[in-house]
Amino acid sequence: SARLGAVRPDVFIRAAERSGLITDITLRLLEKALRLAADWPGAARVSFNLSARDLRSSLSIDNIIGAVRASGVDPRRIEFEITETAMLSDFEQACEALSRLKAMGCRIAVDDFGAGYSSFSYLRQFSVDKLKIDQTFIQYVASNRDDAAISVAIIGLAKNLRIKVIAEGVETEA
């Protein structure tokens, strides 16, 4: 911004959600990502974040599905990332939206797992493909027993539920 300088992504996204512009931004960026992904090798996937507002809007999900279909990209190569907070803001609507995306063949990942208002009910009620352990647990996993225990517990949970798991923020060998 000419007036504000660099704007952090989390600040930008919160402002876009409050203003209602996020659904338009989502659609434009998704269409652009899918245009680029169309030229990638067949095994390469694209991950794309959805906001709480995207999940709460049937029109937004209709537009997202339309963009996926129009792109020609195999939906199995698309992974939509959501946060726990987005999932829990309107659980029934979010489940319906994600079910529609899954029915197309898209994958669903829970981003920043453990950092929001964790509720295991959506893991039981909805077929999540991947959990992404929040980096706040990974950052100090080598030096903080609690972070290590939480990370191990999340990995065990994912393994027992046959869900892929990824650790965000791995920046050192430890």
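Up top you'll find the structure we're talking about.
Residues numbered from 1 in each chain as written. Predicted model: local features only at pLDDT ≥ 70, side-chain atom pairs only at ≥ 80, totals over all residues. Heavy atoms only, no water.

Trainee: What is the right way to look at unusual backbone geometry in this model?
Mentor: Leaving glycine aside, a negative phi is the common case for residues, and trans is the common case for peptide bonds. Within the chain, Arg162 stands out as a residue other than glycine whose phi angle is a positive 60°. Mapped onto the secondary structure, Arg162 falls in the loop between α9 (145–160) and β5 (164–167). The class for Arg162 is exposed, based on a relative accessible area of 75%. (Helix = DSSP H or I, 4+ residues; strand = E, 2+ residues; numbered from the N terminus. Buried < 20%, exposed > 50% of the residue type's maximum accessible area, 1.4 Å probe, protein only.)

Trainee: So what exactly am I meant to see when it comes to the environment of Gln93 here?
Mentor: Structurally, the position occupied by Gln93 is in helix α6 (residues 91–104). Residues Gln93 and Ser57, 36 residues apart in the sequence, show an inter-C-alpha distance of 8.0 Å. Sequence-distant contacts of Gln93, defined by excluding residues within four places in its chain, comprise Leu55, Arg56, Ser57 and Ser58. (Contact = heavy atoms within 4.5 Å.)

Trainee: Sorry, what's going on with the pattern of salt bridges here?
Mentor: Where charged atoms of side chains with opposite charge meet at close range, the side chains can pair. Per the stated rule, a full pass over the model turns up ten salt bridges. A salt bridge links Asp62 to Arg100; its shortest N-O distance comes to 2.5 Å. One end of the pair, Asp62, is in helix α4 (residues 58–71); the other, Arg100, is in helix α6, and 38 residues separate them in sequence. Under the relative-accessibility criterion, Asp62 is labelled partly exposed at 37%. On the basis of relative accessibility, which here comes to 30%, the residue Arg100 falls in the partly exposed class. Lys132 serves as the salt-bridge partner of Glu168, at 3.4 Å between the closest nitrogen and oxygen. One end of the pair, Glu168, is in the segment after β5; the other, Lys132, is in strand β4 (residues 130–133), and 36 residues separate them in sequence. (Salt bridge = Lys/Arg side-chain N within 4 Å of Asp/Glu carboxyl O.)

Trainee: So what exactly am I meant to see when it comes to the nonpolar core here?
Mentor: Nonpolar side chains in soluble globular proteins generally cluster together in the buried interior. Ranked by internal contacts, the top residues of the largest apolar core, which has 38 residues, are Leu50, Ile78, Phe80, Leu101, Val128 and Leu131. Other than its neighbours up to four places away in sequence, Val128 contacts Ile108, Val110, Tyr122, Leu123 and Ile163. (Core = buried A, V, L, I, M, F, W, Y, C linked by side-chain atoms within 4.5 Å.)

Trainee: For this particular structure, what's the right way to read a nonpolar patch on the surface?
Mentor: On the surface, a cluster of nonpolar side chains totalling about 420 Å² of accessible area is made up of Leu4, Val7, Val11, Phe12 and Ile13. Position of Val11 among the secondary structure elements: in helix α1 (residues 9–19). The exposure class of Val11 is partly exposed, given its relative accessible area of 33%. (Patch = residues over 30% accessible without salt bridge, like charges linked within 9 Å, V, L, I, M, F, W, Y side chains within 5 Å. Areas by Shrake-Rupley, 256 points an atom, 1.4 Å probe, with all protein chains shown as cover.)

Trainee: Looking at this structure, how should I read α6?
Mentor: Because an α-helix completes one turn every 3.6 residues, residues spaced three or four positions apart along the sequence face the same direction. The end-to-end C-alpha distance of α6 is 20 Å, a good match for the 20 Å that 14 residues give at a rise of 1.5 Å each. Within the sequence span of α6, burial applies to Gln93, Ala94, Cys95, Ala97, Leu98, Leu101 and Met104. Once α6 ends, the next one or two residues include Gly105, with phi positive near 110°. (Expected span 1.5 Å × (residues − 1).)

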